[in-house]
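Coordinate inspection notes
The lines below spell out each chain.
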Amino acid sequence: MNPFPDGYTLQSVAASACPHADARQAAAIAEACFQSARDPTQMPIDDATVAWLLDTVPAYWNLIKYQGVVIGSTLILAYSTGNWTGIPRETGHPFQAKLDRDSTGNWTSEVAKRRAG
């Protein structure tokens, strides 16, 4: 039984018939939504990031499709709060206000590494 409305599916990039093309489409949609290319505090959404995700966590990067066409994606990762570092409020990081009260999640250090390398 598909728990999604008719025509919608959630599928890992690893299981996709065209993983790189589907992943690139998902990345283009994410860039259009988040405009990370203009924001140095965000991880870049580019071919290098797509390649890293495909090499590192393809089973956890999930494509959202409607009638077989990629319309978005999501990373579904298990984590413990102790594995994340905090986003200092004084940085003005745009995601700080969107975190749960008990969350201290941060990708900022990964962003810095990706932009530097």
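Just above, that's the structure.
I will try to describe carefully the structure that is included in this document. (Residues numbered from 1 in each chain as written. Predicted model: local features only at pLDDT ≥ 70, side-chain atom pairs only at ≥ 80, totals over all residues. Heavy atoms only, no water.)

With that settled, consider the packing of helix 1 (residues 19–34) against helix 2 (residues 47–56). One can describe the packing of helix 1 onto helix 2 by two numbers: an axis separation of 10 Å at closest approach and a directional angle of 125 degrees. The angle between the axes of helix 1 and helix 2 places the two elements in the oblique class. As helix 1 runs across helix 2, the sense of the crossing is right-handed. Here Pro19, His20, Ala23, Arg24 and Ala27 of helix 1 come into contact with helix 2, specifically with Asp47, Val50 and Leu54. Taken together, the residues of the contact of helix 1 with helix 2 sort by class into five nonpolar, one polar and two charged. (Axes fitted to C-alpha atoms, helices over the stretch in contact; angles between N-to-C directions. Helix = DSSP H or I, 4+ residues; strand = E, 2+ residues; numbered from the N terminus. Parallel < 35°, antiparallel > 145°, perpendicular 65-115°, else oblique. Left-handed = near helix turned anticlockwise from the far one by under 90°. Contact = heavy atoms within 4.5 Å. Nonpolar A, V, L, I, M, F, W, Y, C, P; charged D, E, K, R; others polar.)

This next bit is on the packing of aromatic side chains. Inspection of every chain in the model, using the stated rule, returns one aromatic pair. Aromatic side chains tyrosine 8 and tyrosine 66 sit 4.6 Å apart centroid to centroid with 45 degrees between the ring planes, which places their arrangement in the tilted category. Placement of tyrosine 8 in strand 1 (residues 8–12) and of tyrosine 66 in strand 2 (residues 61–66) is noted, with a sequence separation of 58 residues between them. The exposure class assigned to tyrosine 8 is partly exposed, which follows from its relative accessible area of 30%. By relative accessible area, which is 32% here, tyrosine 66 ends up partly exposed. (Phe/Tyr/Trp six-rings, centres within 6.5 Å; stacked < 30°, edge-to-face > 60°. Buried < 20%, exposed > 50% of the residue type's maximum accessible area, 1.4 Å probe, protein only.)

Let us now look at helix 2. Restricting attention to buried positions, one finds in helix 2 the residues Thr49, Val50, Leu53 and Leu54. Angular distribution of buried residues about the axis of helix 2 spans 135 degrees; they occupy a single face of the element. Residue aspartate 46 occupies the N-cap position of helix 2, its side-chain oxygen lying 3.2 Å from the main-chain nitrogen of alanine 48. (Arc of directions from axis to C-beta. Polar contact = N/O pair within 3.5 Å; in protein donor to acceptor, adjacent residues only side chain to side chain.)

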